[in-house]
Amino acid sequence: LRTILTLNKEISINISIDDIRNISTMKLLEHELNNFPKDKTGKIVFELLESEGIENYDEVRDFISLVKSYGSKIAIDDFGSGYSNFSHIINLDIDFIKIDASLIKNIDKDRNSEFIVKLIVDFAKKTDIKTIVEFVHSKEVYDKVKELGIDYSQGYYFSEPKEISAFL
């Protein structure tokens, strides 16, 4: 985390409910966040991994409150897959919904995926939450997600994944 925070880039860190429940992990995270100014910690987006394990919203809300006090943001990762649901969005103070790749990879050809993504985007706009899609792999897919009003895109159409060392 210390190396990442020295970069002048916005970064995302995946975090699971097990990480949030791990006292040592949380102490380390808070220690690291304490050692950097908000202009650095404000560039971190913590992506809550899709999970069936969010039963106790208080511990997740406490985590969100902690990282937001440092200026960091929260995303729900892989929304639209597995156990993700709108109750997570309603019960948590999140900044982004990251729509699962399974809904995006064929969105230029699959009307059902387009319909579901449009519903998610409409919901997000009404609740003032930004949307991110992954798996944008072609101009056709990118054009479709732009048409649907998605805020941010990522995928091979823009760049292949890079090691952190490429940014240092």
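Just so we're clear, the structure is a prediction, and the values are computed from it rather than from any experiment.

A. The packing of helix α3 (residues 23-34) against helix α5 (residues 57-69), seen in detail. The contact between α3 and α5 brings their axes to 10 Å, and the two run at 15°. Regarding the angle of α3 to α5, the classification is roughly parallel. Between α3 and α5 the crossing geometry is left-handed. Where α3 abuts α5, its residues Met26, Leu29, Glu30 and Leu33 lie against Phe63, Leu66 and Val67. Across the contact of α3 with α5, the residue classes tally to six nonpolar, no polar and one charged.

B. Just the confidence of the model for the protein chain, in detail. Within the protein chain, residue pLDDT values average 88, and 90% of them lie at 70 or more. Helix α1 (residues 2-5) is the least confidently modelled element of the protein chain, averaging 66 in pLDDT, while helix α9 (residues 139-147) averages 98, the highest of any element.

C. Broad picture of a nonpolar patch on the surface. Together, Phe115, Ile116 and Leu119 give the surface a local cluster of nonpolar side chains, amounting to about 290 Å² of exposed area. Along the chain, Leu119 turns up in helix α8 (residues 111-126). By relative accessible area, Leu119 is classed as partly exposed at 45%.

D. Just the side chain of Ser72, in detail. Tracing the chain through its elements places Ser72 in the loop between α5 and β3 (73-79). Among the polar contacts made by the side chain of Ser72, one reaches the main-chain carbonyl oxygen of Thr41 at a distance of 2.7 Å.

E. Geometry of the nonpolar core. Membership of the largest hydrophobic core comes to 39 residues, with the highest contact counts inside it found for Leu48, Phe63, Ile97, Ile99, Ile104 and Val117. Top contributing element to this core by residue count: α5, with six residues. For Ile99, the contacting residues outside a window of four places in its chain are Phe79, Ile104, Val117, Ile120, Val121, Thr131, Ile132, Val133 and Glu134.

F. The arrangement of the pairing of strand β5 (residues 130-133) in detail. Here strand β4 (residues 96-99) runs beside β5; their pairing, made up of four bridges, is parallel. From the neighbouring strand, Ile97 faces β5, where its bridge partner is Thr131. Two strands pair when backbone bridges link them, and β5 and strand β6 (residues 152-153) are joined in this way by two bridges, in the parallel orientation. Across the sheet, Val133 pairs through a bridge with Ser153, a residue of β6. After leaving β5, the chain enters α9 and then returns to the sheet as β6, a path that is right-handed.

G. Geometry of unusual backbone geometry. The phi dihedral of Asp128 is positive, around 60°, even though this residue is not glycine. Residue Asp128 is classed as exposed on the basis of its relative accessible area of 71%. Here the phi dihedral of Phe135 falls at roughly 75°; this positive angle occurs in a residue that is not glycine. Structurally, the position occupied by Phe135 is in the loop between β5 and α9.

Parameters at a glance
Residues numbered from 1 in each chain as written. Predicted model: local features only at pLDDT ≥ 70, side-chain atom pairs only at ≥ 80, totals over all residues. Heavy atoms only, no water. Axes fitted to C-alpha atoms, helices over the stretch in contact; angles between N-to-C directions. Helix = DSSP H or I, 4+ residues; strand = E, 2+ residues; numbered from the N terminus. Parallel < 35°, antiparallel > 145°, perpendicular 65-115°, else oblique. Left-handed = near helix turned anticlockwise from the far one by under 90°. Contact = heavy atoms within 4.5 Å. Nonpolar A, V, L, I, M, F, W, Y, C, P; charged D, E, K, R; others polar. pLDDT = per-residue confidence, 0-100. Patch = residues over 30% accessible without salt bridge, like charges linked within 9 Å, V, L, I, M, F, W, Y side chains within 5 Å. Areas by Shrake-Rupley, 256 points an atom, 1.4 Å probe, with all protein chains shown as cover. Salt bridge = Lys/Arg side-chain N within 4 Å of Asp/Glu carboxyl O. Buried < 20%, exposed > 50% of the residue type's maximum accessible area, 1.4 Å probe, protein only. Polar contact = N/O pair within 3.5 Å; in protein donor to acceptor, adjacent residues only side chain to side chain. Core = buried A, V, L, I, M, F, W, Y, C linked by side-chain atoms within 4.5 Å. Pairing = 2+ DSSP bridges. Right-handed = clockwise from strand over helix to strand, strands pointing away.

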